[in-house]
Amino acid sequence: MKRDEPDNKRSPKADHIADHVADDVADDVADDIADDVADAGVPERYVAVSLVKQTLGPLTYRVPPGLIDSAVPGVRVEVPLARARAVGYVLRYEDPPDDQEVRDINDVLDPEPLLTGDQLKLAEFAARYYLSPLPEALRLTHPAGLDMVEHRQVALTDEGRLALERADGILAVQGLELDPEEQELLGGLVAGAVDAVRLLKKVRQARHGHLTALTRRGLITQTAPSYEPRVRHATEPWVRLATGGLDGVDLVALRKRAPRQAQVLEARAAAAAAAAKRSDHQERQERQERQERQDEGLPVAQLRASDPGVRQRINTLKKQGILLEESRERRRDPMAGVAIKPHPPPQLNLDQAQAVAVLGAALREESFHAFLLHGVTSSGKTEVYLQVIREAIDAGRGAIVLVPEISLTPQLAGRFRARFPEGVAVLHSGLNDGQRHDEWRRVRRGEVQLVVGARSALFAPVERLGVVVVDEEHDTSFKQEEGLRYNARDLALVRGQQAGALVVLGSATPSLESSRNAERKKLIRLSLPKRATPQPLPDIEIVDLKTYRTDAEGVLTAPLAEAITETLIAGHQTILFLNRRGFAPFVLCVACGEPMRCPDCSVSLTLHKGSNLLVCHYCGHQIRPVQHCPKCGAENMQAMGLGTERVEETLRARFPGARIGRLDRDTARGGRLHRILDATAAGEIDILVGTQMVTKGHDFPGVTLVGVIHGDHALHMPDFRASERTFQLLSQVAGRAGRGGEPGRVLVQTFNPDHHAIVCAQAHDYEGFYREEMRFRRELGYPPEGHLVAVRLEGMEPEAVIAAAEGVARACVTTKNVVVLGPAEAPIARIRGRTRWQLLLKSPHRADVQRAALAARAFKRASPPAGVRIIIDVDPQSML
């Protein structure tokens, strides 16, 4: 575009600015802006922006002079993208690009940075290492409730109104026909302008593309977009004294004339007196939570609880100028109503004291240190965490504690809240959007320094991070299996290194990767070899199922049944472990042998007797049980195998006087999980049956017997980690016994009593298991003696999936020092109707296997097979 030269002489930099203003800005306005910049000497600034809904790499934009102070790393901005607008995150400042047209940022959407520098660094590392689009990583840095929702007002034009009035829906001028969705969209605007999001919700088949098409044809208009977070903070009404509100008020006389009004004022006075008596520590916390208001006041809901008619009296006192009413932010506390029991620091034993001393010394160096805290079950690892975190917080630094299961979070958070009254934030996927929003904002605003949560809590915006703890670091749930497939245990080490923080990985059964890293001096090993409770580790007895037959239901052998009876008589509690939920894992026709299968997955349907449904545990498909075989028509369908429901039913028949509970994914929904855990802790359940949820760090002092129904179930999985997981599960569930004042006992029913995983679990011999398992890993080059990347392919057309798998294999096979295993059909060959194939990339060197993975990604980008999804999983945990 040719432009007239201005009268005054400008710098080349100012010319560059003018050359790159948006095309729709008039030429003379562009010249004025450039002249103003040149005259004022404002430096140009460029930023890298990662777009929210694009898989493109970061794009460079220029910051207009008016946004220089607000377009800083961590904020979200609106930017032009082709002919549209997009939202993105500012990652960092950039150097001016050479000879490239750079467009300006349109607007800054956050008043202050949403993300911290630590969060941005961690997200960029995670995206790079796990070969994932950066927006996938950035989505982990804040709750979904803070995502920006775009709002546009849509209105009918005269042409659009005319189009609707024509019976045939055809525009005479343009000769274009309205499809049903477009016609319905126009009909929704007859009464007036409507928000685009709300309009699209009304017309379910319509998409944004329909609105764009209607706009281009002149049938509707759309305003420029505005943005707001999807979830806002909650508010509630408060009342407080007006300035001088009690001047001249005779409370004695008021009690006689209007006693209810006097009660309201006296409640306020009592609250003020209580506030004056608070300790400095508590007062600081309250000031933060109420944003240091001049007068704290009282929530109306608190007054209404004791006086349902208080609203009328408040209104009267407001008219008299005594009270003021205002709306204040209300915290949606995920721990509201949970009783916090006092938990004073106990006396440490020698091993704990040594661990705390070593960790404390490392913390005080204020540089990165990584430790493996290997402590047997009930050895007091949590107390070590608590004391080290206390030192960090007293020094003004923050802490993150990661736990593997949501079920553990409230229990552990309650213990931390008892020790840290200044505040603990809880972050995990079990919270609703409002709770996650409020907890995250408390951390971002610096109101709390301690975060407890599941794997995503690693990305919390904790400033001046001092400690990261990964409890039960061996647990596979720290690996994300959707979206960005990261391992929180490994990223915890990265975040600690980036922040100069102390990282503690704790476990009674450390992963082989962590133990190998300790051997390589990448981690410093600390040991807690003895329990911190009065009783030693429980004795483990092996019940050989080839010798001892189970009962008619296939649940209990005589030794286990006798042990349960003895435990009930003694008034103690029992945990029975079976890692399979439902009543029976499959139902088949005993006439022809045909099982009931999921129509969309290569698995059998599991019978859930309580709901009377056959359920697929992979896609959720459900049907009612049938009486006749769908294949041969015979009326001979039989439920086969064991699930936790069947175990529970058998126990109720065998021990009719016992109080029996069940803990699995089916019973843990809603608030039932906490009720079951609380009832067990209170001794209100005699026998608790459960899946691996019962193995995860629970502390039930009354449990003296643990029974494992099938100890070798996990051994037969098609996974090179099957032995490791069997050893870990058995050791962890055994650790639930004997944690109180009475000794514990464990019985493991198994068909493989001589397998090294079971032999070593019986002897509490982690070192022996580690040596034997590492011998196998070295022979085959599996982690931790090698590195893996899994490439999974899935699609509706089997031929296309197979062809794509072969293409990926050809792209990777030329990488030096990399073995390509496959491609082959996945162990579960079909899920949700999609055929699944996979291949493994294996190498002794991480750099080589990363190069092969990059070759797989290049194939995916250069030759994307139609209808085939290619998933690259770095350091995979699941082989299914």
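In what follows, the accompanying structure is described. Please read these numbers as outputs of a predicted model, since none were measured by experiment.

What follows covers the environment of D754. Locating D754 in the fold gives a position in the loop between β31 (745-750) and α24 (756-762). A sequence separation of 210 residues divides D754 from D544, and the C-alpha atoms of the two residues are 9.6 Å apart.

Turning next to the packing of helix α26 (residues 798-812) against helix α27 (residues 846-862). Their axes nearest at 8 Å, the elements α26 and α27 cross at an angle of 135°. With respect to each other, α26 and α27 are oriented oblique. In this structure, α26 meets α27 at a crossing whose hand is right-handed. Facing α26, whose interface residues are A804, G807, V808, A811 and C812, α27 presents A852, A855, A856 and F859. Considered class by class, the residues forming the contact of α26 with α27 number eight nonpolar, one polar and no charged.

The four strands are arranged β33-β34-β32-β35 in an open sheet whose pairing can be described as antiparallel. The sheet is open, and its two edges are formed by β33 (819-831) and β35 (868-874), each paired on a single side. This sheet shows a mean twist of 20° between the axes of neighbouring strands, independent of strand direction. One ladder, built from seven bridges, connects β33 with strand β34 (residues 834-843); its direction is antiparallel. Of the residues in β34, the one forming a bridge with V819 is K842. Packing of α26 onto the sheet brings it into contact with β32 (787-795), β33, β34 and β35, and relative to β34 it is tilted by some 10°.

Between P783 and the following residue, P784, the backbone shows a cis peptide bond with an omega angle of 10°. On the secondary structure map, P784 appears in the loop between α25 (766-780) and β32. Cis geometry is found at the peptide bond from G822 to P823, where omega equals 10°. Within the fold, P823 resides in strand β33. Non-glycine residue A82 carries a positive phi angle of around 55°. For A82, the position within the fold is in the loop between β3 (76-81) and β4 (84-94). Since its relative accessible area comes to 60%, A82 is described here as exposed.

A separate point is the sheet that holds strand β12 (residues 298-299). Taken in spatial order, the three strands of this open sheet run β12-β11-β13, and their pairing is antiparallel. On the outer flanks of this sheet lie β12 and β13 (323-330), each paired with one strand and no other. Pairing geometry for strand β11 (residues 234-241) and β12, over two bridges, is antiparallel. Paired with V239 across the strands is L298, a residue of β12.

Here the focus is the packing of aromatic side chains. Tallied over the entire structure, the rule returns eight aromatic pairs. Consider the rings of F720 and Y782, whose centres lie 4.5 Å apart with planes at 5°: the pair is stacked. Here the residue F720 occupies a position in the loop between β30 (703-708) and α23 (722-734), and Y782 occupies one in the loop between α25 and β32, the gap between them amounting to 62 residues. The burial state of F720 is the same as that of Y782; both residues are buried. Ring centres 6.1 Å apart and planes at 50° place the aromatic pair F727 and Y766 in the tilted group. Taken together, the positions of F727 in helix α23 and Y766 in helix α25 put the pair 39 residues apart, joining distant regions of the chain. Judged by its relative accessible area of 7%, Y766 falls in the buried class. Ring pairs connect the aromatic residues F727, Y766, F769 and Y770, which therefore count as one cluster. Lying across the ring of Y93, R45 places its NZ or CZ 4.5 Å from the centre.

Position of L81 among the secondary structure elements: in strand β3. On a C-alpha basis, the gap between L81 and R103 in space is 8.9 Å, while along the polypeptide they are 22 residues apart. Beyond its immediate stretch of four places on either side in the chain, L81 contacts L51, Q54, L59, Y61, A86 and R103.

Bringing the pattern of salt bridges into the picture now. The tally for this structure, following the rule as stated, stands at 60 salt bridges. For R739, the salt bridge goes to D699, with nearest N and O atoms at 3.2 Å. With R739 in the loop between α23 and β31 and D699 in the loop between β29 (687-690) and β30, this residue pair connects regions lying 40 residues apart in the sequence. You can call R739 buried: its relative accessible area is 12%. One salt bridge in this structure joins R834 and E794, with 3.4 Å as the shortest N-O distance. Here E794 lies in strand β32 and R834 lies in strand β34, a separation of 40 residues in the sequence. One network of salt bridges, with partners in common, ties together R331, D333, R417, E439 and R442.

All right, on to the environment of E101 then. As for its position among the elements, E101 is in the loop between β4 and β5 (107-108). A C-alpha to C-alpha distance of 9.8 Å links E101 and T60, two positions 41 residues apart in sequence.

The residue T567 is located in helix α20 (residues 558-570) in this model. On the basis of relative accessible area, T567 is assigned to the buried category, the value being 8%. A polar contact is formed between the side chain of T567 and the backbone oxygen of A563, at a distance of 2.8 Å. Apart from residues lying up to four places away in sequence, T567 is in contact with H572, Q573, T574, T704 and L705.

What counts and what doesn't
Residues numbered from 1 in each chain as written. Predicted model: local features only at pLDDT ≥ 70, side-chain atom pairs only at ≥ 80, totals over all residues. Heavy atoms only, no water. Helix = DSSP H or I, 4+ residues; strand = E, 2+ residues; numbered from the N terminus. Axes fitted to C-alpha atoms, helices over the stretch in contact; angles between N-to-C directions. Parallel < 35°, antiparallel > 145°, perpendicular 65-115°, else oblique. Left-handed = near helix turned anticlockwise from the far one by under 90°. Contact = heavy atoms within 4.5 Å. Nonpolar A, V, L, I, M, F, W, Y, C, P; charged D, E, K, R; others polar. Pairing = 2+ DSSP bridges. Buried < 20%, exposed > 50% of the residue type's maximum accessible area, 1.4 Å probe, protein only. Phe/Tyr/Trp six-rings, centres within 6.5 Å; stacked < 30°, edge-to-face > 60°. Lys NZ or Arg CZ within 6 Å of the ring centre and 35° of its normal. Salt bridge = Lys/Arg side-chain N within 4 Å of Asp/Glu carboxyl O. Polar contact = N/O pair within 3.5 Å; in protein donor to acceptor, adjacent residues only side chain to side chain.

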